Structures are given as structure tokens and as C-alpha cells.
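Okay, here's what each chain looks like letter by letter:
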Amino acid sequence: MMFAPEAHVALAIIIPVLGAIGIALSNTAPNIRETVTLATSVLLCLNVFSILSVILSGAEPTVVLVQILPDIALTLKVEPLGMTFAAVASTLWIVNSIYSIGYMRGNNEPRQTSFYVCFAIAIAATMGVAFSGNLLTLFAFYEVLTLSTYPLVTHKGNAEALKGGRIYLGILIGTSIGLFLPAIIWVWTLTGTVDFVKGGILEGHASAGVTSVILFLFMYGIGKAALMPIHRWLPAAMVAPTPVSALLHAVAVVKAGVFAVLKVVIYIFGIDFLATTGAAEWLTWVAAYTLITASVVALTKDNLKARLAYSTISQLAYVVLGASMATSMAVAGGALQIVMHAFGKITLFFCAGAIYTAVHRTEISDMRGLGRQMPVTFLAFLIGSLSIIGLPPLGGSWSKFYLMMGAAQSDDIIIMVVLLVSSLLNIAYLIPIVARGFFYAPLGQTVAPVAVGYEKSDFSWSNIQEAPLFCVLPPALTALACVALFFLADPIMKLIEPILTP
Amino acid sequence: MPNMFALSSQYPVLVIVLPLLSAPLCALLRGPIFPWALTTAMSALAFFFSVELLAAAAAGGPLSYEIGGWAAPWGIEYVVDPLSGFMLVIISGISTGVLLFARESIAKEVPGHQLGLFFSAYLLALTGMLGICITGDAFNVFVFLEIMSLSSYILIAMGARNDRRALTAAFQYLIIGTVGATFYLIGVGLIYMMTGTLNMADIASRFADIEGTRPILAAVGFIVIGLSIKLALFPFHVWLPNAYTYAPSIVTAFFAGTATKVSIYLLIRFIFTIFGPDYSFGGVDLADILLPLAVLGFLSMSMVAIFQTNLKRLLAYSSVAQLGYIVLGIALASEAGLTAALLHIFNHAIVKTGLFLSVGCMFFAAGSVYLKDLHGIGKRMPITTFGFVLGGLGLIGVPLTPGFISKWYLVVAALEKGSVLGYSLVAALMISSLLAVIYIWRVVEVAYFRDPPEGAAKGEASLSLLVPTWIFILGSFYFGIDTTLNVGFAKAAAAFLMGGA
């Protein structure tokens with residue numbers, strides 16, 4: 001650590017902003033531009049991790065940026081949950097930057113400079129969301145994140161991108177201004193503060209009925225958490241180039257949504273207050289409904305990115321479910337899910353983009369036999385899938401485990417059944433992709449029946465035609481990370497433990 | 001007692017007299033530079049005086065200046081209190097910023113031999129606005145109101161070179177504006193009949209004795225309706241979209257930030273200082289009229305803005321909607337509501353001026369402000385268009401823009417009101433903001449997702465246009481992030497008005 005922890009907190013936002021300026025200045029030299037992107041992401045990651053030790057020791061470094069209203073300042077305050085989110089996002093930004101280079105160059109995408117600039121700004125906004133010290137700061141960076149990702153979603157600039165952009169912006173801005181903001185102002189008029197305080201601030205200020213209404217405004221105001229029926233923006237955002245879908249719509253943006261949900265539940269309502277009033281009971285059912293329905297819809301999608309998008313909606317509902325059950329185990333499961341799902345889902349998106357870059361296929365039915373041509377990609381896809389399903393020894397198993405414990409803790413048999421059914425659905429929509437890739441004959445070929453005992457291996461080194469290295473390396477790395485996270489669950493739990501104990 | 005002969009003691013009169021006397025001088029000047037330079041210098045001086053006056057009023061309480069040494073209430077009194085000082089700064093500041101933009105822009109839109117006359121009309125309009133705010137005499141207000149109105153008819157008609165419809169727009173404004181001003185005069189006449197005085201403070205002190213009488217009731221009606229016409233409150237707004245659409249770019253930018261705001265200032269002055277809030281919202285309950293009109297206004301006008309094909313007209317309808325927010329703040333009849341209204345006067349002025357200036361840049365380069373001619377303008381003029389988008393975010397009320405700050409205060413004031421009414425007002429405000437998203441995004445889509453027409457000129461507006469535009473755009477972000485100044489002065493003025501009642 002070079003400076004005081006407060007300086008490092010402020011730097012988490014300043015570094016990507018400076019990076020964006022550097023990228024814009026190196027517009028004419030693509031190699032320098034990409035070097036700036038990579039250097040910025042590495043610097044940011046080192047910077048975020050330098051704060052970690054301070055957080056582990058229990059401190060909460062606070063930076064007041066500017067007094068925006070007489071009683072409310074834009075404030076950054078790092079607490080364990082935000083630290084976790086920032087660490088995940090900044091780590092994956094490095095991998096994603098490598099991947100972006102391979103993808104954007106491999107597909108000859110236009111306007112790459114503005115792509116990287118908007119990306120860096122979106123990361124800065126994500127850091128702001130992660131480190132926000134009060135609701136107003138959270139809201140401000142949340143909106144910056146929406147607006148900075150709009151150019152990325154509409155990057156292709158065609159009619160389809162325009163339509164996707166409309167849905168994206170319409171739902172995200174509509175819900176945030178129409179519901180999230182009134183909820184914040186309501187909390188402010190009730191309590192006179194919007195600070196995130198452990199144990200919540202609403203207790204004693206709001207009746208059970210009012211609490212339910214405010215919770216409703218928050219949950220549907222935070223559109224990025226993609227609760228049904230305001231989930232449509234996420235499939236719409238899939239018109240974006242795949243690196244955007246990978247980092248932003250599997251990690252930064254959607255996780256900013258569920259992170260905000262957890263923050264609001266833990267620091268504004270307070271877990272105990274929610275549990276005693278029972279105001280969150282309806283939310284459990286909405287989350288359970290979203291979880292199952294989105295999985296079923298995912299089954300019907302043949303477009304790989306669309307299927308992954310619906311899978312994300314379903315996986316996000318796990319986090320909301322954890323928050324709504326308002327027990328410490330369930331909330332821990334929700335927090336772990338933010339981490340574990342991030343690594344699993346970004347692997348899947350990386351693979352989808354690698355397939356697109358290598359053979360320009362987007363439909364799952366066209367990907368038969370591709371595993372023989374792209375074994376690394378499909379193996380990474382398998383590992384990512386298994387992690388999302390929640391099988392050991394992969395990271396995803398922990399979040400499912402804690403959520404199940406949470407459901408058991410509150411004797412919620414139906415929720416336990418929902419979780420089980422959902423895991424089965426995950427298998428049903430993810431594993432066939434890999435199975436088709438390896439076991440079916442490639443498109444246009446048929447395999448002649450052979451007698452038992454005379455099968456020949458179809459594998460040959462000469463068939464392998466992977467995407468460019470920069471597209472294949474990242475999913476391999478994140479797939480390995482999924483394995484590593486299985487063994488790292490304990491340190492992560494240690495980090496987030498303080499928020500669970502009152 | 002400050003030294004009578006010190007220059008600073010003469011600031012209240014200088015701020016009016018300098019632009020007023022420069023106007024005929026300006027009419028004599030020829031060439032493209034001199035009239036503009038004189039006007040800009042006078043406006044900048046007025047801005048300097050205004051800032052000094054506001055600072056003095058904020059530090060040492062209201063200043064009073066007796067014109068010609070005739071003591072009030074017989075003579076005309078100029079008063080600088082936190083409210084009028086705040087208005088003076090807004091008006092002269094916007095005017096100066098717009099003038100920096102004007103040199104190149106107006107040379108393209110107004111014939112060279114008329115520039116002297118154009119700028120003298122501009123100076124008169126500026127004088128009128130400043131005068132309305134500073135004077136403490138109800139009849140003197142009418143005089144300045146006419147100076148401002150007559151010169152603004154001229155300024156709007158100057159757009160005729162580009163589009164002949166400017167003439168009918170100016171004529172329409174003349175007819176409706178005259179009706180409004182006449183209503184105001186009738187109201188003042190009735191008050192004079194009942195009180196025998198025209199000095200505002202004097203009227204206020206005698207108002208309690210006569211407030212129940214019928215002539216006063218009629219006077220309140222005439223004044224409120226007359227001012228509502230002048231401030232373009234829905235449904236008296238029909239003159240505004242035409243006037244803003246066909247006037248030269250800088251005139252639109254100047255008026256959007258100031259002209260209607262002056263009438264709002266008068267409405268606030270009459271409601272809170274002269275009638276007193278107890279009478280305005282107890283005796284006659286103006287909120288019953290103003291509140292529904294404000295809500296209907298911002299909802300319907302935001303809706304209408306969505307369907308416009310002319311960018312200036314779109315922003316004009318948006319202005320009517322934003323005026324609805326301000327009137328809503330007044331109609332909430334609380335200190336929080338009044339703070340929100342005053343704050344939004346400032347915030348909307350800076351945002352809308354920035355927007356109209358960036359539209360001015362587009363007009364300068366593309367020669368049209370119809371959306372169909374602005375296809376792909378984001379690729380043709382990236383800097384200007386990005387400025388427009390940032391300004392549009394301010395209009396929507398995205399955090400870190402001043403629009404957000406106004407909305408915050410307005411929603412807090414509405415929630416303070418409580419009950420079903422308060423909650424439905426919050427809902428209406430949010431719906432209106434979302435409508436603003438739609439009309440701004442229509443422009444964004446035209447600007448970035450349509451291909452530029454064949455052979456369209458590519459290239460940015462020159463620096464003399466871009467720099468003032470971006471001063472307003474960046475300024476708006478400054479006042480959206482560090483709100484000490486604007487919120488501070490709005491709060492002080494609101495407290496002064498409520499406390500002084």
C-alpha cells in the first residue's frame with residue numbers, strides 16, 4: 001500500500017477515468033490504446049486489492065467526494081460486501097480486456113476507441129457503486145453505469161441495436177427514475193438520512209405496511225437485478241459485442257443490481273427488521289418465480305447468448321432470494337453467489353464469443369460437433385456450466401449450499417424444492433450444449449453406424465481450429481478460477497462475515 | 001450609512017441605467033462588431049453589478065435605493081433583497097453568456113445593416129428584465145414589463161430572414177402578451193384604488209385591512225391570470241412554442257433562460273410578499289388553480305414535446321413543461337416548495353440555455369433544426385451533439401446534473417405535503433421525467449443512429465460558438481455537483497420570502 005487507504009478508495013474511481021482519457025488520446029495507435037487499457041485494469045486491480053487488508057482488519061475507510069445536497073454528500077465507504085464486489089469486477093476486467101482485444105480485432109469491429117472509453121467509464125461507475133457510502137451515491141453511479149453502457153449495447157449501430165438500446169435504456173432508466181429515486185427520497189423524508197448503516201435505518205421510522213411499499217419500490221426500482229417482469233432489458237442487451245455481454249451483463253451491471261439489493265436489504269432495512277415485519281415475504285415468491293420461469297425460458301432459446309441471458313436472470317434471482325429470506329445463511333449465500341456466478345457466467349460468455357469469432361455461429365443447434373474443433377473452449381464451457389449448476393469441486397457449489405442452508409434454517413420446504421428443481425433445469429439447459437459439441441457429428445456430416453468394438457476416435461490434432469489466442473486464454477483462465485474458488489470460499493466468507501453478525 | 005458618493009452605492013441604478021442608455025447608442029453603431037461589443041460589455045457590467053448587489057444583500061440585508069432622491073412611497077424605490085438579487089444574477093449571467101455566443105451566430109441570421117437595431121432591442125429587453133426584478137414599485141414593474149415585451153416582439157420578428165413565420169409568431173405573442181400585461185395593469189389599478197399606493201412594501205403593509213374586499217379579489221384574479229399568460233403557464237402557453245421556434249437562435253437561448261422566469265419572479269413577489277402566503281393560500285387558495293394547471297402543464301407538454309419534428313419547438317414545449325415544475329413548487333405553498341421553485345428557476349435557466357445554444361451551433365452548421373435534417377448530426381458535429389446530450393440529461397434529471405437537484409427538492413416538498421395528493425404528485429413528477437427521457441432520446445437516436453444525408457456538410461461549429469455552449473453545459477454540471485451556491489441562494493431567498501410574510 002502506497003498511500004492512506006482513503007486515497008486508494010478514491011483512486012479506484014480515478015484510475016479508470018484517467019484510463020478512459022488515456023484511451024481517448026491514443027485513438028490513432030491501437031496497440032498503445034490496448035496497452036493503456038490493460039495497464040489501467042492491472043493498476044485498478046492492484047489498487048483494489050491493496051484496500052483488502054484494511055477491510056479485513058475491520059476498518060471502513062471513508063472518502064467524502066463532494067457535498068451534493070446540504071445534508072447529503074457523495075461518499076465512498078468501503079465495507080466487506082462492496083470490497084468483494086469491487087475485487088471480483090476489477091479482477092475480471094483484466095481478463096476481459098485481454099479478451100476484448102482478441103474479440104474486437106478478430107471481428108474487425110468499428111469504433112473500437114469509443115468502445116474502450118465507454119468500458120473504462122462503466123468500470124469506474126461500477127467501482128463507485130461498490131464503494132458507495134449512501135443511497136444517493138449508489139444511485140448516482142448506478143445511473144452513470146446505465147448511461148455509459150448504452151453506447152456499448154448499441155455499438156453495432158444497426159436497427160436491431162437501436163431497438164435493443166431502447167428496451168435497455170427504457171427499462172433501466174424508467175425503473176430507476178420512476179421507482180428507485182422516489183424510494184430513496186421517501187427513506188430520506190422518513191429517517192432524515194440515506195447513509196448505509198449496519199442493522200438498517202428504517203426500524204422505528206416506518207410501519208410494516210410502509211416498509212412493504214418501500215421495499216417494492218426498491219426491488220423494482222433496481223431494474224438491474226432483473227426481477228421478472230422487468231427482466232427484458234437483459235436479453236435486449238445481448239445485441240452488444242460479446243465482451244460487453246461478458247463483463248457488463250454477467251458481472252458489472254447485473255451484479256451492481258443485485259449488490260444494490262443486498263446493500264439496501266442489509267444496510268437500509270436491516271435483516272432483523274425485515275424478518276420481524278415479514279415485509280419481504282412476497283419478494284421470496286417473486287424471486288422463486290423468476291428463478292424457475294427464467295430457467296424454463298432459457299430451455300426454449302436456441303440463440304446461445306439469449307439462453308445465457310435468461311440463465312443470468314435466473315441466477316440473479318438466487319441473490320434476491322437470499323436477500324429476501326432475511327437469514328444470515330441465506331444472505332451469505334446471496335453474497336457468495338455474486339462472486340461465484342460472476343466467474344462461471346463470464347466463462348460461458350467468453351466461450352460464446354470465442355465460438356462466434358472462430359466460426360461465426362450464434363445458434364446452439366448449429367454448434368453440433370464444434371467441441372472437436374474447439375476443445376479448449378468447450379471444456380471451459382463445461383467447467384463454467386458445472387460451476388453454475390453448483391457441483392463440487394467448483395465455486396458455484398458454495399453459494400447454492402449456503403442458500404439451501406438458509407432455506408432449511410427458516411424451514412422453507414417449498415423454497416428448498418424450488419432450488420432443487422432449478423438446479424435440474426440448469427443442467428437441462430447448459431449441459432446439452434457441451435454434449436452436442438462433443439458427441440454429435442459436425443453440421444452437415446453424418447456418422448455411419450459402426451459395429452460395437454470398432455469405433456474410432458474422431459479426435460485429431462489437425463481438426464483443431466480454436467479462436468485467436470486472446471479469445472481462448474481468458475475463458476481457460478476463468479474456468480480455472482472457478483475451480484480455485486471452491487477452495488477459496490473460506491477466505492471470502494471470512495471477509496463478508498462481519499455484515500452477517502449483528 | 002454607506003458613503004453616498006461611493007460608486008458601489010449607485011450599483012442598483014447603474015445596473016438599469018447603463019443598458020438603458022446604451023440602447024440608443026447601440027442603434028447608431030454600424031458594422032458587425034461594435035453593436036455586439038457594446039452590448040456584451042454592458043451585459044457583463046450588469047452581471048458584475050448584480051453579483052456585487054447579491055453579495056451585499058446576502059451579507060447585510062435588503063438594499064433600498066431611492067430614484068432621484070425621492071423617498072418611497074412617493075418616489076420609485078429599487079430594492080435588492082435575496083430574491084431580486086438572485087434573479088438579477090441569473091438574468092445578467094445568462095445574457096452575458098449568450099452574448100459571447102452571439103457575434104458569429106447572429107451575423108448569419110440577421111442582415112448586417114440591422115445589427116445595431118437588433119442589439120439595441122436586446123439591450124432594452126435586458127433592461128426590462130433587470131428592471132422588473134429590481135424595482136419595488138408595482139407600476140414601475142408595468143413600465144419595465146412593456147419595455148421588455150415590446151423589445152422581445154422585435155427580437156422574435158428578427159427571425160423573419162430565416163423563416164417568415166417569425167412574423168406571425170411575433171404578432172401572436174404581441175396580442176397575447178398585451179392581454180397579459182393589460183390584465184396586470186388592471187389589477188394594479190384596482191390595488192391602487194384600494195390602497196392609494198403603488199410601492200410594493202407599502203401595499204403589503206396595508207393589505208391585511210382590505211384583503212376581504214371584492215376589488216382586491218378582482219385584482220388578485222387579474223394579476224395572477226395576467227402573469228400566468230406572461231409566464232406561459234398551461235393553458236396560456238400557446239404563444240411560447242411559436243415564438244421560441246422562429247426567433248433567432250440567440251434570442252431563443254436568451255429568452256428560454258430569462259423571459260418567462262421574470263414573470264415567475266413577479267408571481268412569487270405578488271403571492272408571497274404583497275398578498276402574503278396566508279391570504280394567497282388561505283383567503284383565496286390560489287393553489288387550487290395553480291397546482292392542477294401546473295401538473296396538467298408538465299404532463300401534457302412533455303407528452304406534446306415527444307411528437308415535435310422541430311428541435312427548437314421540442315425544447316420550447318419542454319420549457320413549458322419545466323415552468324410547470326416551478327409553478328408546482330410555488331403552489332405547494334411551503335418553504336420547501338418555494339426553495340424547489342427558485343432552485344429550478346436557476347437550474348432550468350442554465351440547462352435550457354446550454355441546450356438552445358447547442359441547437360444554435362447545429363443551426364449554424366446544418367442550416368436547419370428540423371429533426372429530418374439533423375440525421376447523423378452526432379457524426380457530423382460530435383462535440384456539439386455530445387453537449388446537447390449532456391444538457392438533455394440535465395433536463396431529464398439524471399444525478400450529478402442540476403435537474404436532479406431540483407427534482408430532489410420538489411419531490412421532498414411534495415412528500416412533505418403528505419396524503420394522497422403528495423404521493424400522486426410524486427408519481428406525476430416521475431412520469432414527466434420519463435417523458436423527458438423519451439423526447440431527449442428521440443433526438444439521440446436521430447443524431448447517432450441515422451446516416452447523415454448525402455452530401456451533408458461535415459464539420460464542427462467554430463470555437464466562438466462551441467466555447468460559450470460548453471461553458472453552460474459544464475456550468476450546469478458544476479451546479480449539479482457542487483450545489484452550495486445555487487441551493488444556498490435559493491434557500492436564503494425562500495426563507496426570506498416566508499419569513500418576511
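Quick caveat: nothing in here was measured; it's all calculated off a predicted structure.

## Side note on the overall build of chain A
Regarding its fold elements, chain A presents 18 helices and 2 strands. For a compact globule of 502 residues, the expected C-alpha radius of gyration is about 23 Å, and chain A comes in at 22 Å, within 12% of that figure. Dimensions along the principal axes, computed over C-alpha positions, put chain A at roughly 75 × 60 × 45 Å. Residue burial in chain A is summarised as follows: out of 502 residues, 59% are buried. Counted over contacts in chain A with a minimum sequence separation of 6, partners at least 24 positions apart contribute 80%.

## Some details on the overall build of chain B
When its secondary structure is counted, chain B shows 20 helices and 2 strands. Taking 501 residues into account, the globule formula puts the C-alpha radius of gyration at 23 Å, and chain B, at 22 Å, falls close to it. Oriented by its inertia axes, the alpha-carbon framework of chain B measures out at about 70 × 60 × 40 Å. Going through the 501 residues of chain B one by one, you find that 60% of them count as buried. Long-range contacts, defined here as pairs at least 24 residues apart, represent 79% of the contacts in chain B between residues at least 6 apart.

## Here's the deal with the pairing of strand 1 (residues 62–69) of chain A
Sheet faces and side chains relate simply in a regular strand, where the side chains alternate between the two faces. Residues and elements named next belong to chain A. One ladder, built from 6 bridges, connects strand 1 with strand 2 (residues 72–77); its direction is antiparallel. Note on strand 2: the bridge partner recorded for Leu69 is Ile72. Here strand 1 folds back onto strand 2, and the loop between the two strands holds 2 residues.

## What about the packing of helix 17 (residues 402–417) of chain B against helix 19 (residues 463–481) of chain B?
All names here are of chain B. Running from N to C, helix 17 and helix 19 point in directions that differ by 40°, and their axes come no closer than 7 Å. Classified by the angle their axes make, helix 17 and helix 19 are oblique. Residue-level contacts link Pro402, Phe404 and Ile405 of helix 17 to Ser476, Phe479 and Gly480 of helix 19. Of the residues in the contact of helix 17 with helix 19, the class split is 4 nonpolar, 2 polar and no charged.

## Some remarks on the pairing of strand 2 (residues 77–80) of chain B
Residues and elements named next belong to chain B. Side chains Glu77 and Val79 project from strand 2 onto one buried face, and the interleaved Tyr78 and Val80 project onto a second face that is buried too. Examined bridge by bridge, strand 1 (residues 63–66) and strand 2 share 4 bridges and lie antiparallel to one another. Residue Leu63 lies in a different strand from strand 2, and its bridge partner there is Val80.

## So, the interface of chain B and chain A
Each side of the interface is counted separately: chain B has 22 residues, and chain A has 20 residues. Taken together, the elements giving at least two residues each to the side of chain B that touches chain A come down to helix 17, helix 18 (419–449) and helix 20 (484–499) of chain B. If one sorts the elements of the side of chain B that touches chain A by residue count, helix 18 of chain B sits on top with 8 residues. Across the side of chain B that touches chain A, the residue classes tally to 16 nonpolar, 3 polar and 3 charged.

## Regarding the environment of Leu266 of chain B
All names here are of chain B. Position of Leu266 among the secondary structure elements: in helix 10 (residues 249–275). The class for Leu266 is buried, based on 22 C-beta atoms found within 10 Å. Along the backbone, Leu266 and Ser84 are 182 residues apart, and their C-alpha atoms lie at a distance of 9.8 Å.

## Here we look at the nonpolar core
Grouped together as the largest cluster of nonpolar side chains are 401 residues, with contacts concentrated most on Ile184, Val261 and Val320 of chain A together with Ile156 of chain B. In contact with Val320 of chain A, not counting residues within four places along its chain, are Ala225, Leu227, Val258, Val261, Leu283 and Ala287 of chain A.

## A look at unusual backbone geometry
A cis amide bond, omega 5°, links Met228 of chain A with the succeeding residue Pro229 of chain A. Mapping Pro229 of chain A onto the fold places it in the loop between helix 7 (208–221) and helix 8 (233–236). Each neighbour pair has its own omega, and for Pro392 of chain A with Pro393 of chain A the value is 5°, a cis peptide bond. Residue position: Pro393 of chain A is located in the loop between helix 15 (375–389) and helix 16 (396–409). Of note, Ala326 of chain A is a non-glycine position whose phi angle comes to about 55°, a positive value. Within the element layout of this structure, Ala326 of chain A appears in the loop between helix 12 (304–325) and helix 13 (328–359). The phi angle at Ala232 of chain B is positive, at roughly 65°, despite the residue not being glycine. Following the sequence through the fold, Ala232 of chain B ends up in the loop between helix 8 (214–230) and helix 9 (239–246). Since 29 C-beta atoms lie within 10 Å of it, Ala232 of chain B is described here as buried.

## Some words on helix 14 (residues 335–366) of chain B
Residue and element names in this part refer to chain B. Taking 1.5 Å of rise per residue, 32 residues should cover 46 Å, and helix 14 covers 45 Å from first to last C-alpha, within 8% of that figure. Helix 14 sits mainly inside the fold: 29 of its 32 residues count as buried. Immediately downstream of helix 14, the backbone of Gly367 shows phi near 80°, a positive value.

## Observations concerning helix 3 (residues 80–106) of chain A
In this model helix 3 of chain A runs 39 Å from its N-terminal to its C-terminal C-alpha over 27 residues, within 8% of the 39 Å that 1.5 Å per residue would give. When the local axis directions of helix 3 of chain A are compared, the greatest deviation, roughly 25°, occurs at Ile94 of chain A.

## Describing the packing of helix 3 (residues 82–109) of chain B against helix 4 (residues 115–134) of chain B
Residue and element names in this part refer to chain B. As a packed pair, helix 3 and helix 4 sit with axes 9 Å apart at the nearest point and diverge in direction by 170°. As summarised for this structure, helix 3 and helix 4 are arranged roughly antiparallel, according to the angle between their axes. On helix 4, the residues that touch Ser84, Met87, Leu88, Ile91, Ser92, Ser95 and Ile106 of helix 3 are Phe118, Leu126, Met129, Leu130, Cys133 and Ile134. Looking at the contact of helix 3 with helix 4 residue by residue, the class counts come to 10 nonpolar, 3 polar and no charged.

## A look at the environment of Glu109 of chain A
Residues and elements named next belong to chain A. One can find Glu109 in the loop between helix 3 and helix 4 (112–130). Given 15 C-beta atoms within a 10 Å radius, Glu109 is considered partly exposed. Sequence spacing of Glu109 and Val42 is 67 residues, and the spatial spacing of their C-alpha atoms is 24 Å. In this structure, Glu109 is in contact with Met104 and Pro241, ignoring residues within four places of it in sequence.

## Remarks on the environment of Ala24 of chain A
Residue and element names in this part refer to chain A. Residue position: Ala24 is located in helix 1 (residues 5–25). A tally of 15 C-beta atoms within 10 Å means that Ala24 is categorised as partly exposed. For the pair Ala24 and Val117, spaced 93 residues apart in the sequence, the C-alpha separation amounts to 6.4 Å. Once you skip the residues sitting within four places of it in the chain, Ala24 turns out to touch Thr113 and Val117.

Cut-offs applied
- Residues numbered from 1 in each chain as written.
- Chains lettered and ligands numbered in written order.
- Predicted model: local features only at pLDDT ≥ 70, side-chain atom pairs only at ≥ 80, totals over all residues.
- Helix = DSSP H or I, 4+ residues; strand = E, 2+ residues; numbered from the N terminus.
- Rg over C-alpha atoms; globule rule 2.2 N^0.38 Å.
- Buried ≥ 20, exposed ≤ 12 C-beta atoms within 10 Å, placed from the backbone.
- Contact = placed C-beta atoms within 7 Å.
- Pairing = 2+ DSSP bridges.
- Axes fitted to C-alpha atoms, helices over the stretch in contact; angles between N-to-C directions.
- Parallel < 35°, antiparallel > 145°, perpendicular 65-115°, else oblique.
- Nonpolar A, V, L, I, M, F, W, Y, C, P; charged D, E, K, R; others polar.
- Core = buried A, V, L, I, M, F, W, Y, C linked by C-beta atoms within 7 Å.
- Expected span 1.5 Å × (residues − 1).
- Bend = angle between axes of the 7 residues up to and from the residue.

It is worth stressing that arrangement in space is one thing and function is another; only the former is reported here.
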